Every structure is written in C-alpha cells, then in structure tokens.
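This is what each chain is made of:
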Amino acid sequence: MKKQKIDLRFKNFKPKDYLNEYYSRIGSENFNLLKFFAEAYKLVPKNSLVLEFGGGPTLFSLISAAPVAKEIHFSDYLDINLNEAKLWKNKSPKAFDWSSFVRTTLKIEGLNKINAKDIETRENLLRKRLTKFLHCDAFKKFPLGKKYSDFYDVVSVNGVLDSITAGKKIWEILLQNLSTLLKKKGMLVMYALKDAAYWRSGERIFPAVNLNEKDIKIALSKLGFKIVYISSIPAEVIDEKAENYEGYKGFIFVCAKKT
Ligand SMILES: C[S@@+](CC[C@H](N)C(=O)[O-])C[C@H]1O[C@@H](n2cnc3c(N)ncnc32)[C@H](O)[C@@H]1O
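Residues numbered from 1 in each chain as written. Predicted model: local features only at pLDDT ≥ 70, side-chain atom pairs only at ≥ 80, totals over all residues.

- Looking up the protein in an unreviewed UniProt entry gives the name Methyltransferase type 11 domain-containing protein.

See below:
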C-alpha cells in the first residue's frame, strides 16, 4: 500500500465510492453479514424500537430487523450518508439498489422461490419502519443528545466504533458512550473489523482499531453486557501484500444484552 494520510474526520467520505467498494456484490463477507443479521434478529422481541448507529449510506443491516421492529431510527455522523439512506426510503431513482441483499436475506431466512413481489414487500416494510433520520456523534457522551439515553430496545452498530479511531482506549470510550442509548435488557447488535490496521474507500484510507474477540468480550463485560452470541469470519482478502487487501483480516459478530 502506498503511504497515505488517514482521514480521521471523514471529510472526504464519498457514499457512492463506499457503496461501490463494499456493496456492489454479495461475496462471502456480505453473505455472512446478512446471515449474522438474520440470526441476530431472531434473538430480538417483536415490536422493538431499533436504532441503526452510524448506518452510513447502507440499509442491508436492517432487512432482517424490519419484521421485528416497531420503528427504526437511522443515524449517521454525515448528512451526505443520511441523505443517501433517505433517497432509498423515498424510492428515488438515484437510490442505491439493495434488492439483491433483500433477496439473499429472504433466502437465508428460509423463504423458497423468491419473486419480485416478496422483495418489494420486505423493502416497503423496511421503508415504513424507518421513521427518523438522526445526526449522531459517537465521541459525545450522549451520542444522540440526552433525550435518547436508555431509549432503545436494540442498537445496531456495524463497522463504526472500530472504524473511526485507531486507539483501543478511545474505542472503549466510544462503546461506553454508545451503551447509554440502550435500555436495560436492551440488545446490542454489532459487527467489528478483526485484526484491522485501516480500511479503504476509493482512494481514501480511514482509521481502524486492531481488535479480536477477546478485546470485545472484555470491553463489553466491563460495561455490564452479557454476550449472547459471538463469532467471526475471515475477510475475503487476508494477504496484506495483495493489491486488493482492504486493511483488515476478518469480521467479529456480536449480540450482547445490557444488564
Ligand atoms: C465504515 S462506515 C460503516 C457504515 C455502515 N454501518 C456499514 O456497515 O457499512 C463508518 C461510518 O461511521 C460514520 N462516522 C464517522 N464519524 C462518526 C462519529 N463521530 N460518530 C458516529 N459515526 C461516525 C461514518 O459517517 C460512516 O458512515
């Protein structure tokens, strides 16, 4: 990799570049992410109030959430990302097409012979459940403002806390800030990059914390979480010298209950 400056403030984040780089096809990483969310939302009670934290320009993590959610609030730090998610909610022709992710999710959930109507039905359910788009900042003690403390039944946070800093201690603080959003007995649904040094989007390099399962278990238990599910998968490219190495070796999937 050429030496490049790490973009710590997300000034140069480009939603379309990011979507094209990570979500233009369903390889083993995206397939396993969808499988994780399908499993995770089996653990969540019906009529839950769900927050997607740092959703970026993406909706894939919420496809399995829609049937169990009462409402879904979608948050990100960047307005350009919130706008991208709103394009999809509003069925804009400029919106990213998540239909192949919906089809794959339905298949993982066990539906046979999926047709266009099945996909449209799930997409419309998700659109209906998305009721608020909020600005968030994980570096704040109350990342959505005080009003939202002890507020959500489920907080979904994927490749965010581990992907906006390179410091493990800072990551622990971000996790603590995030935990204020959950009600007692609420569920954290999270994936984090494993053994990461950085991650890429287009020409840009962004920071990442070097985490493994043990780090996550320790940090969550310090905050009083009980882990109900944890697993990991390798990244599609793990050779650091490969041209298409993205900066991380895998993904860690976790569901944990706030006690
Ligand atoms: C690697 S992307 C993950 C996006 C999405 N969750 C996914 O799984 O593809 C990291 C996200 O963190 C967001 N972000 C950057 N700074 C943040 C902050 N201070 N608080 C919360 N989110 C932030 C970015 O806007 C971006 O959407």
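From this point, the narrative continues.
**A short note on the overall build of the protein**
Now for step 1: When helices and strands are counted, the protein shows 7 helices and 9 strands.
Now for step 2: In summary, the protein has a C-alpha radius of gyration of 17 Å against a globular reference of 18 Å for 259 residues, a match within 12%.
Now for step 3: Based on the C-alpha atoms only, the size of the protein along its principal axes is roughly 45 × 40 × 30 Å.
Now for step 4: The contacts in the protein between residues at least 6 apart in sequence include a share of 72% that link residues at least 24 apart. (Helix = DSSP H or I, 4+ residues; strand = E, 2+ residues; numbered from the N terminus. Rg over C-alpha atoms; globule rule 2.2 N^0.38 Å. Contact = placed C-beta atoms within 7 Å.)

**Observations regarding the site of the ligand**
Now for step 1: In the vicinity of the ligand there are 19 residues, among which Gly54, Gly56, Tyr77, Ala138 and Asn158 approach most closely.
Now for step 2: Here the shell around the ligand is composed, by residue class, of 9 nonpolar, 8 polar and 2 charged. (Near = placed C-beta within 6 Å. Nonpolar A, V, L, I, M, F, W, Y, C, P; charged D, E, K, R; others polar.)

**Some points on the pairing of strand 2 (residues 69–76)**
Now for step 1: With respect to burial, strand 2 is a largely interior element, 6 of its 8 residues being buried.
Now for step 2: Two strands pair when backbone bridges link them, and strand 1 (residues 48–53) and strand 2 are joined in this way by 5 bridges, in the parallel orientation. In the sheet register, Leu51 faces strand 2, and the bridge partner there is His73.
Now for step 3: Note: strand 2 against strand 3 (residues 130–135), 5 bridges, orientation parallel. Bridging from a neighbouring strand, Ser75 pairs with Leu134 of strand 3. (Buried ≥ 20, exposed ≤ 12 C-beta atoms within 10 Å, placed from the backbone. Pairing = 2+ DSSP bridges.)

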